Protein chains: 2
Amino acid sequence: MKQIKGGITKVKGFSALGKFIGIKKKSKKKDFAVVYSSEVCNAAGVFTKNEVKGAPLVVTKKHLADGKAQAVVINSGIANVCTGKKGIKDAEYMAKLTAKELGIEQKNVLVASTGLIGAYLPINLIKGGIKGIKKQLSKKGDIAKAILTTDTIKKEIAVKIGRITIGAVAKGAGMIHPNMATMLCFIGTDAEFSSGELKKMLKTAVDKSFNMTSVDYDTSTSDMAILMANGLAGKANKSQFQKALDFVCIELAKKIAIDGEGATKLIEAKVKNAKNEKKAEVIAKSIISSNLVKTAMFGNDPNWGRIMAAVGYSGVKISQNKIDIYFNNNKIVSNGVGVKFELKKVVKEMKKDKLLIVVDLKEGKGMATAYGCDLTYEYIKINAAYHT
Amino acid sequence: MKQIKGGITKVKGFSALGKFIGIKKKSKKKDFAVVYSSEVCNAAGVFTKNEVKGAPLVVTKKHLADGKAQAVVINSGIANVCTGKKGIKDAEYMAKLTAKELGIEQKNVLVASTGLIGAYLPINLIKGGIKGIKKQLSKKGDIAKAILTTDTIKKEIAVKIGRITIGAVAKGAGMIHPNMATMLCFIGTDAEFSSGELKKMLKTAVDKSFNMTSVDYDTSTSDMAILMANGLAGKANKSQFQKALDFVCIELAKKIAIDGEGATKLIEAKVKNAKNEKKAEVIAKSIISSNLVKTAMFGNDPNWGRIMAAVGYSGVKISQNKIDIYFNNNKIVSNGVGVKFELKKVVKEMKKDKLLIVVDLKEGKGMATAYGCDLTYEYIKINAAYHT
């Protein structure tokens, strides 16, 4: 497997576009995108477990029911969530117009919206935006930028495994505590798989990546990850493909964590030697989600007591007196008790833009890594004044 | 029931002291306290569910096993958590010295410590502090101040029901997301109850108050709430007593929420007409724990979409299209969709130091209220530099 530059349009048959259609009035940033495959794809998706679901999810799930998709139409700025029946109608209308313009079936168009909850889509702007998309689709289409909201960096990746390519794009910076799926993520491949195979592989990859990421413990109403395979490059080795797909999703998850609202650094929490993998996952997510751990990491403060507390309240039974903790390679805690360490050296490590916290439970062979970021003044600033 | 000025020493037979013994070197604030009842009390406690437990909890639970207690010795500044066998020995030694000085049984002395995790108690300072406590105990003993850490206000309350008095003192401002019990809280009464009755009543009150409070989703390793009854005022009506005890705990919980680290306002989330009370509780806590809700409230921003999201990811099945939301008395959401409201008027309401969020699910008769606070720059400041 080899990483290459670019994103989803690196995949055979896939093209995209990203443009400004007037939704993000103030910033004038791109707010509308389309991904398109020249062939109908086998496809699968995973979606938020939030009981409050955006209208686009309802429509996309329905359109994915037959395991087929050919295009995704996306807008940023307004999430089309909590918009009742009108919201569903609007999302379906987006699919209809897109299908007509592209000359494909309406049920093969998926819909995604991200941004403010509770506002209706400016449907005339969207109608205007959809006009002429067929000609605008290209290998250079800037979808990665057009789906962002409070994100500050584009999140895309592409890898090759022999003749097979996987390309993907994602967005997410706040309201990030995925449960089943996450944020928006669109993955394309020219490998040939059934939609059942795609679903299983996508779930495996998402569980290791997006579902192990947290910015603020808030699970979004609009999370979706979609995998589309058009088969143009033929059959692929399944285990190699899974490995590459895991890599793609984990890299995007890290990009989301490092771009967490206000974040200054990526925090990886690796839990080793738990009784099993599930328990390791729960503990790793507990650490990465703790406001107190996150503020200490922002302050470059090796306050490991907060990590112990987060391990302890995760809900998993542990043996407090067996736990070792490391910051990068520096041992901080041994058998549940703090060890003397060189404060200056550890603080210097913590000032880097990536910090690895390792928790060794010495109870079994379960291992998991979670991805998060620090909690800063900037997060408060961004979120105290997002709406008004 | 009538609220009176003062705290735990308002109860017949109870005296206390609070003083500086040298643990909080920098601030020179009071850091040591004792509560004492002239008679041996029937007593009960509830404790943190955090798997990482402070040494004082281990000792206190052991000493409470017979349902009896006569004194509590408390220090602030250092929590004596993650201190291994030495920590347990230190906590037991604190009880031993206190018992000797007061001329009571060691197993009737409870121990509590609050502050930094991972440091050993400065046992010589504590030894010095315990010397002479018998003479220092009085009705004016400033326990409420001596048990504080990052708290900015004292938290005490006393009520009378006829001849019976209940008095209580608590601390807590950060690492507040109680699970079973909370922070430190000591409640005394001169009513006569068995320790079994006390335990049941305490659990009922704690479930409605401290267990419904969150500052930062971080469950402490040192949580404990203790109820001691010396019987000096004789038997009491149980349901009246329970009502008064609920009131005492809820008022203290509110004081903890409003004094949440960096908080500028108290937020009460009231969930009405849920399928049952338990479901209402889970949803109310989900709202009060959301960083995104908390930052929006800090910004006086009626961004109700974040409340909908927090209701949705609570884990409780709900009907999104039935939900109404109110800020104080202003309806913001009707049947899951935003309604037009006077922005200026609502923002003015939000600027008050107390905000009530009401969520009406229209599904049953379950009701619960949770207590929390906003998330501010000051929280980050306090917690990015607590240790070093």
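Residues numbered from 1 in each chain as written. Chains lettered and ligands numbered in written order. Predicted model: local features only at pLDDT ≥ 70, side-chain atom pairs only at ≥ 80, totals over all residues.

Draft legend 1. Fine view of the sheet that holds strand β12 (residues 330–334) of chain B. Residues and elements named next belong to chain B. What the 6 strands build is an open sheet, ordered β13-β12-β11-β14-β10-β15; its pairing is mixed. Each end of this open sheet is capped by a strand with a single partner; those strands are β13 (337–338) and β15 (366–373). Two strands pair when backbone bridges link them, and strand β10 (residues 266–274) and strand β14 (residues 354–360) are joined in this way by 7 bridges, in the parallel orientation. By the bridge assignment, K272 is partnered in β14 with D360. Helix α8 (residues 277–289) rests against β10, β14 and β15 of the sheet, and its axis sits at about 20° to β15. (Pairing = 2+ DSSP bridges. Helix = DSSP H or I, 4+ residues; strand = E, 2+ residues; numbered from the N terminus. Contact = placed C-beta atoms within 7 Å. Axes fitted to C-alpha atoms, helices over the stretch in contact; angles between N-to-C directions.)

Draft legend 2. Geometry of the domain arrangement of chain A. Residue and element names in this part refer to chain A. Domain boundaries assigned for chain A yield domain 1 (2–258) and domain 2 (266–384). On a C-alpha basis, the centroid separation for the pair domain 1 and domain 2 is 32 Å. Facing 12 residues of domain 1, the contacting portion of domain 2 comprises 14 residues. Looking at side-chain class alone, the side of domain 1 that touches domain 2 contains 6 nonpolar, 5 polar and 1 charged residues. (Domains from an automatic or database assignment. Nonpolar A, V, L, I, M, F, W, Y, C, P; charged D, E, K, R; others polar.)

Draft legend 3. The nonpolar core, seen in detail. Ranked by internal contacts, the top residues of the largest apolar core, which has 276 residues, are A168 and I287 of chain A together with A168 and I287 of chain B. Excluding residues within four positions of it along the chain, I287 of chain B makes contact with A269, V293, I307, A310, V311, I357, V359 and A370 of chain B. (Core = buried A, V, L, I, M, F, W, Y, C linked by C-beta atoms within 7 Å. Buried ≥ 20, exposed ≤ 12 C-beta atoms within 10 Å, placed from the backbone.)

Draft legend 4. Region of the structure containing helix α2 (residues 84–102) of chain B. Residues and elements named next belong to chain B. For α2, spanning 19 residues, the distance from its first C-alpha to its last is 28 Å, which sits close to the expected 27 Å at 1.5 Å a residue. For α2, the set of buried residues is G87, D90, A91, M94, A95, L97, T98 and A99. Taken from the residues just after α2, G103 is the one with a positive phi, measuring 70°. (Expected span 1.5 Å × (residues − 1).)

Draft legend 5. Representation of the packing of helix α6 (residues 195–208) of chain B against helix α7 (residues 238–258) of chain B within the structure. Residues and elements named next belong to chain B. Across the interface, α6 lies against α7 with an axial gap of 8 Å and an inter-helix angle of 40°. Considering the angle they form, α6 stands oblique to α7. For α6 against α7, the interelement crossing comes out right-handed. Contacts between α6 and α7 involve M201, T204, A205, V206 and K208 from the first element and F241, Q242, L245, D246, C249 and I250 from the second. Grouping the amino acids of the contact of α6 with α7 by side-chain chemistry returns 7 nonpolar, 2 polar and 2 charged. (Parallel < 35°, antiparallel > 145°, perpendicular 65-115°, else oblique. Left-handed = near helix turned anticlockwise from the far one by under 90°.)

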